[in-house]
Amino acid sequence: PLFLRPCRERAWELCVVLGGLCLLFLTRLTHVSLPSADVKKDWSDHALWWEKKKTWLLKTHWTLDKYGIQADARLLFTPQHKLLRLQLPNMKHMKVKVNFSDRVFKAVSDICKTFNIRHPEELSLLRKPRDPKKKKKKLEEAEEDDLDIYSSPGLYSKTMTPTYDSRDGSPLSPTTAWFGDSPLSEGNPSILAVSQPISSPDILVKLYKPQSLLDKAKINQGWLDSSRSLMEQDVKENEVLLLRFKYHSFFDLNPKYDAIRVNQLYEQSKWAILLEEIECTEEEMMMFAALQYHINKLSIMSSDNHMNNSEKEVDEVDAALSDLEITLEGGKTSNSLGDITSIPELADYVKVFKPKKLTLKGYKQYWCTFKDITISCYKSKEEAHGTPAHQMNLRGCEVTPDVNISGQKFNIKLLIPVADGMNEIWLRCDMEKQYAHWMAACRLASKGKTMADSSYNLEVQNILSFLKMQHMNPDPQFIEPITTDINPECLVSPRYLKKYKNKQISARILEAHQNVAQMSLIEAKMRFIQAWQSLPEFGITHFLGGKRDELIGITYNRLIRMDASTGDAIKTWRFSNMKQWNVNWEIKMVKVEFADEPCLSFICAEVDCKVVHEFIGGYIFLSTRAKDQNESLDEEMFYKLTSGWI
C-alpha cells in the first residue's frame, strides 16, 4: 500500500473532491519510472483507507472536509481485494481473494457464490478460537492443504438446473461449463462436494475441544460483525478465518442442487460431534460413527463408478429423497394429507412423573389424551369424559428426548413455562411407535402447532428412522469382519476411546453399519444431518449472561436462560411471542419485550452485545424466507434487523 499525507502548506486541497485527489495522485504515479515501465499497472481496485478512523473512503464525490479529514491525516492507497485464508467446515484451508471494503454479509455472499453454495445468509465468518492450553502459533502447519482460489461472484445457477448427481453428489460433466474461464475451475471446486476421511487421529488431538458450556460460549465471541467490513474489524491480509454455518436454519436443502452445501453441512456436523461440541448418547455416537464409516467407503468408491449409473436409479433416489428435504420447521411430503377438517388426537396409557425435591423418580400410569396443544391425564380410560387429574399446555415448552434403545427406555422430558420459571414433567412410553407419535406431537405443540400440521407425519417418520438407525442387534451373519480400515479413533469422540478398546468400538460400529449399509452416499449425508438436528442441544448458540452461573442460549425460534453448569433451561421465551428488542450499547444490556410475559433483560458479559443482537435479528430475518421468492437477498432488510445504532 502507498501512504498519502496531505501537506499542511496545502490545506486548501481539503476541499478537493476525493475522486479528484485519487485522479491527481494516479496521474503523478504514471510519471514515476518503474522497473517494468512497459507494463501498465491497473489501479482500478485501489481505494483510500483512513487508518485512524478505520474507515474506507469510497464516496469519491465527497470532499475531504466532508469526511472530516485534516491536513495531517494518514491515508492508505491500497487494494480492496486481498487474500484471505479460509478454513471451511471440512477443516480444509483455501486462499480466497475477498473484497475487504465490502460488508462481511456481502463478502460471505460472494464467497458462497464462488463455492456454489446456495443461501449464503446462513453462513458467516468466525475468528479461530484459541486453546488456552497452547501457546499462540503463527500460521497453520498444514500449508499443503491450501488451495489458491480467486473469488468470482455470480457463478451458481439461478435457473435451478441440476448440476450434481443426485445419487452420490458428484459433479456432472456439464459442471465445468458453469465456471468457464474462471480461476476457480483451476482449483477443482468439485472436491468441496466430496467428503475426505480423517487421515489420522492426530488431527483430532490437535484441534481445540471445548470442555464446558462456558468454553462453547467463548467460541461465539469470535463471530464477525456482518454489517462492517473486514478491514474495519482489524482482519489482516492472509489471516485465517473460519467459514461456518452460523444460523442453524437450513432452508430448502435439496440434494439435487446443493451437493457442496450438503457436504459442508455434513462436515460441520461431523466435527461438532467428534470434538464434543454437542452432546449425544453412546448409541447415537455409534450410529453417527456407522454413518461416517459408510460415507467414507462410498466417497472413495464414487469417483470410479458414479458416471455409470442409469437414469432409472437416479429417478428412484430422487423419489426416495423427496421427503428428506431438511428444514427445521418440517416440510410437505408427496403423500396425500387426507381429510384435515378435524384435528388428529392421541389417546393412550402413558406413565407420567412430576419430580419434587427429595423424591425418587416414580412414574404413575395415566390415560392421557393429546388434543390441540394440550395433554390431559386421567386416572383411567373410563374417566376420560370427566375432569382430568392433570392438564398441561405445551406452548413454548422445552422438549428433550431421553432414549436408550437397548434398555427399551423411551422418555420425554418437558419443561413447561410458568410465571416463576419452568415446571418439569416426564412422560414414559412403552414402545418406539408410541414414543414417535407423542414426541412429534410434543415438538409441534411447543411451537404452537397441532397434529393437523403437514409436518406431523414427516416428524414421526424422522423419529422412527432415527431410532431404527440406533438398533444394535441385526443378524450376525451379515456383519462385516473387523478390518484395519475402520480406524475407530477417527469415527468416535475421545471419551469413548478411553471407555472401550478399539476392537470393541469397531465391532459396535460394524453392527450399527448394517442399519445404513443400503443407503446411497447423498442419502447417508442427509440422514447424518437429520440425526444431528434431532439432538437435544442442536442449534443452541451459547453466550455468557450477566451472572456467572447463567448462560443465554439463542436458537432459530426462542431464547433460553440456562444453568451454566448443567445446561438445563431455567426459562424459555419464543420469538413468536416477541414484540421488540432493544440494546443499551453503553452498559451492554439486551432487553426483549414479549406480548404476555415479563420482559427479558441480560448483560452481555465478555462478548460484544452486537453479536447477540445480530443472532436475534438474523433468525428473525431467516424466518421471512419463502420458497416462492427468487434467490436474491434483501440485504437492506438484514441490515435493518441486525445492524443496530450505536
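Residues numbered from 1 in each chain as written. Predicted model: local features only at pLDDT ≥ 70, side-chain atom pairs only at ≥ 80, totals over all residues. Heavy atoms only, no water.

Undergrad: Explain the sheet that holds strand β13 (residues 390-393) to me, please; I cannot follow it from the model alone.
TA: Each strand in a sheet pairs with its neighbour through backbone hydrogen bonds, running either in the same direction (parallel) or in the opposite one (antiparallel). The sheet built from seven strands is open, its strands ordered β13-β12-β11-β10-β16-β15-β14 with antiparallel pairing. Unpaired on one side and paired on the other, β13 and β14 (398-404) mark the two borders of the sheet. For this sheet, the mean angle separating the axes of adjacent strands, direction not counted, is 30°. Looking at chain direction, strand β12 (residues 374-378) and β13 are connected through four bridges and run antiparallel. Paired with Ser 376 across the two strands is Gln 391, which belongs to β13. (Pairing = 2+ DSSP bridges. Helix = DSSP H or I, 4+ residues; strand = E, 2+ residues; numbered from the N terminus. Axes fitted to C-alpha atoms, helices over the stretch in contact; angles between N-to-C directions.)

Undergrad: Would you mind going over the packing of helix α10 (residues 432-446) against helix α11 (residues 456-468) with me for this structure?
TA: The geometry of a pair of packed helices is captured by two quantities: the angle between their axes and the separation between those axes. Where α10 contacts α11, the axes come no closer than 9 Å and their chain directions differ by 130°. By the angle between their directions, the pair α10 and α11 is classed as oblique. Seen along the crossing, α10 lies across α11 with a hand that is right-handed. Together, Glu 432, Lys 433, Tyr 435, Ala 436, His 437, Met 439, Ala 440, Ala 441, Arg 443 and Leu 444 of α10 and Tyr 456, Glu 459, Val 460, Ile 463, Leu 464 and Leu 467 of α11 make up the contact between the two elements. (Parallel < 35°, antiparallel > 145°, perpendicular 65-115°, else oblique. Left-handed = near helix turned anticlockwise from the far one by under 90°. Contact = heavy atoms within 4.5 Å.)

Undergrad: Please clarify how the nonpolar core should be interpreted in this entry.
TA: Nonpolar side chains in soluble globular proteins tend to end up buried together. The biggest cluster of nonpolar side chains holds 73 residues, and the ones touching the most others in it are Leu 86, Phe 115, Leu 125, Leu 230, Ile 509 and Trp 532. In terms of residues, this core owes the most to one element, helix α8 (residues 282-305), which gives ten residues. Residues Tyr 366, Met 439, Tyr 456 and Ile 463 belong to the second largest nonpolar core, which totals 36 residues. (Core = buried A, V, L, I, M, F, W, Y, C linked by side-chain atoms within 4.5 Å. Buried < 20%, exposed > 50% of the residue type's maximum accessible area, 1.4 Å probe, protein only.)

Undergrad: Help me out: how do you make sense of the packing of aromatic side chains in this one?
TA: Tallied over the full model, the rule gives 23 aromatic pairs. Relative to Tyr 67, the ring of Trp 62 has its centre 4.9 Å away and its plane inclined at 50°; by these criteria the two rings are tilted. Over the aromatic face of Phe 615 sits the side chain of Lys 246, whose NZ or CZ is 4.9 Å from the ring centroid. Between Arg 508 and the ring centre of Tyr 500, over which it is positioned, the NZ or CZ distance is 5.7 Å. (Phe/Tyr/Trp six-rings, centres within 6.5 Å; stacked < 30°, edge-to-face > 60°. Lys NZ or Arg CZ within 6 Å of the ring centre and 35° of its normal.)

Undergrad: For this particular structure, what's the right way to read the side chain of Thr 541?
TA: Tracing the backbone shows Thr 541 in strand β17 (residues 541-544). Residue Thr 541 is classed as buried on the basis of its relative accessible area, which comes to 4%. When residues no more than four places from it in sequence are discounted, the contact partners of Thr 541 are Asn 220, Ile 552, Gly 553, Ile 554 and Phe 615.

Undergrad: Sorry if this is basic, but what is going on with helix α14 (residues 521-533) here?
TA: For the α-helix, the turn length of 3.6 residues means that residues three or four positions removed from each other point alike. An ideal rise of 1.5 Å per residue puts 18 Å on 13 residues; α14 measures up with 19 Å between its terminal C-alpha atoms. Of all 13 residues that make up α14, 13 are buried, and the element is covered over most of its length. (Expected span 1.5 Å × (residues − 1).)

Undergrad: I'm lost on the packing of helix α7 (residues 259-274) against α14 in this one. Help?
TA: Viewed as axis vectors pointing N to C, α7 and α14 meet at an angle of 50°, and their least axial separation amounts to 9 Å. Relative to α14, α7 is oriented oblique. Judged by the twist between their axes, the crossing of α7 over α14 is left-handed. Together, Val 262, Asn 263, Leu 265, Tyr 266, Ser 269, Lys 270, Ala 272 and Ile 273 of α7 and Ile 522, Lys 525, Met 526, Phe 528, Ile 529 and Trp 532 of α14 make up the contact between the two elements. Of the residues in the contact of α7 with α14, the class split is ten nonpolar, two polar and two charged. (Nonpolar A, V, L, I, M, F, W, Y, C, P; charged D, E, K, R; others polar.)

Undergrad: Help me out: how do you make sense of the pattern of salt bridges in this one?
TA: For side chains bearing opposite charge, pairing can occur when the charged atoms are close. The full count for this structure, using the stated rule, is 26 salt bridges. Residues Glu 239 and Arg 127 are paired through a salt bridge, measuring 3.1 Å at the closest nitrogen-oxygen approach. Of this pair, Glu 239 sits in the loop between α6 (213-219) and β9 (240-245) while Arg 127 is found in strand β7 (residues 123-127), placing the two residues 112 residues apart along the sequence. Arg 495 serves as the salt-bridge partner of Glu 276, at 3.5 Å between the closest nitrogen and oxygen. With Glu 276 in the loop between α7 and α8 and Arg 495 in helix α12 (residues 494-499), this pair connects stretches of sequence that are 219 residues apart. Its relative accessible area of 19% is what places Glu 276 among the buried residues. Given the relative accessible area of 37%, Arg 495 is considered partly exposed. (Salt bridge = Lys/Arg side-chain N within 4 Å of Asp/Glu carboxyl O.)

Undergrad: How should I be thinking about unusual backbone geometry in this particular structure?
TA: Excluding glycine, a negative phi dihedral is what most residues carry, and trans is how most peptide bonds are arranged. The backbone of Asn 116 shows a phi angle near 60°, a positive value even though the residue is not glycine. Counting through the fold element by element, Asn 116 comes out in the loop between α3 (104-114) and β7. With a phi angle near 60°, Lys 588 is a residue other than glycine that sits in the positive phi range. Here Lys 588 is to be found in the loop between β21 (578-584) and β22 (589-594). Of the residues examined, Lys 588 reaches a relative accessible area of 30% and is grouped as partly exposed.

Undergrad: What's the story with the side chain of Glu 284 in this structure? I'm lost.
TA: When you line up the elements, Glu 284 lands in helix α8. Look at Glu 284: it is buried, it has no salt bridge, and the nearest opposite charge is Arg 443 at 8.1 Å. Sequence-distant contacts of Glu 284, defined by excluding residues within four places in its chain, comprise Phe 466, Gln 470 and Leu 535. (Lys, Arg positive; Asp, Glu negative; His and termini not counted.)

Undergrad: It is not clear to me how the environment of His 294 should be interpreted in this structure. Could you clarify?
TA: Relative to the elements of secondary structure, His 294 occurs in helix α8. Along the backbone, His 294 and Leu 521 are 227 residues apart, and their C-alpha atoms lie at a distance of 7.9 Å. Once residues lying within four places of it in the same chain are set aside, the contact partners of His 294 are His 513, Val 516, Ala 517, Met 519 and Ala 524.

Undergrad: What exactly am I supposed to notice about the sheet that holds strand β20 (residues 569-574) here?
TA: One open sheet accounts for four strands, arranged β17-β18-β19-β20; its pairing is antiparallel. Where the open sheet ends on each side, the last strands, each with one partner, are β17 and β20. Averaged over neighbouring strand pairs, the angle between their axes works out to 20° when direction is ignored. With five bridges connecting them, strand β18 (residues 550-554) and strand β19 (residues 558-563) associate as antiparallel partners. The partner of Leu 551 across the bridge, within β19, is Met 562.

Undergrad: Honestly, the environment of Met 439 in this entry has me stumped. Any pointers?
TA: If you trace the backbone, Met 439 turns up in helix α10. Judged by its relative accessible area of 0%, Met 439 falls in the buried class. Taking the C-alpha atoms as reference, Met 439 lies 9.7 Å from Phe 410; in sequence the two are 29 residues apart. Apart from residues lying up to four places away in sequence, Met 439 is in contact with Val 399, Thr 400, Pro 401, Ile 412 and Ile 463.

Undergrad: Honestly, the environment of Thr 450 in this entry has me stumped. Any pointers?
TA: Mapped onto the fold, Thr 450 is located in the loop between α10 and α11. Along the chain, Thr 450 and Asp 372 lie 78 residues apart, while their C-alpha atoms are 5.0 Å from each other.

Undergrad: Looking at this structure, how should I read the confidence of the model for the protein chain?
TA: Atom-level detail of predicted coordinates should not be read off regions where pLDDT is low. Mean pLDDT over the protein chain: 81, with 75% of residues reaching 70 or higher. This stretch, residues 150-164, has a pLDDT under 50; its non-local contacts, to residues over four places away or in other chains, come to 53 contacts. Note that residues 325-340 has pLDDT below 50 and, in this model, 36 contacts with residues that lie over four places away or in other chains. (pLDDT = per-residue confidence, 0-100.)

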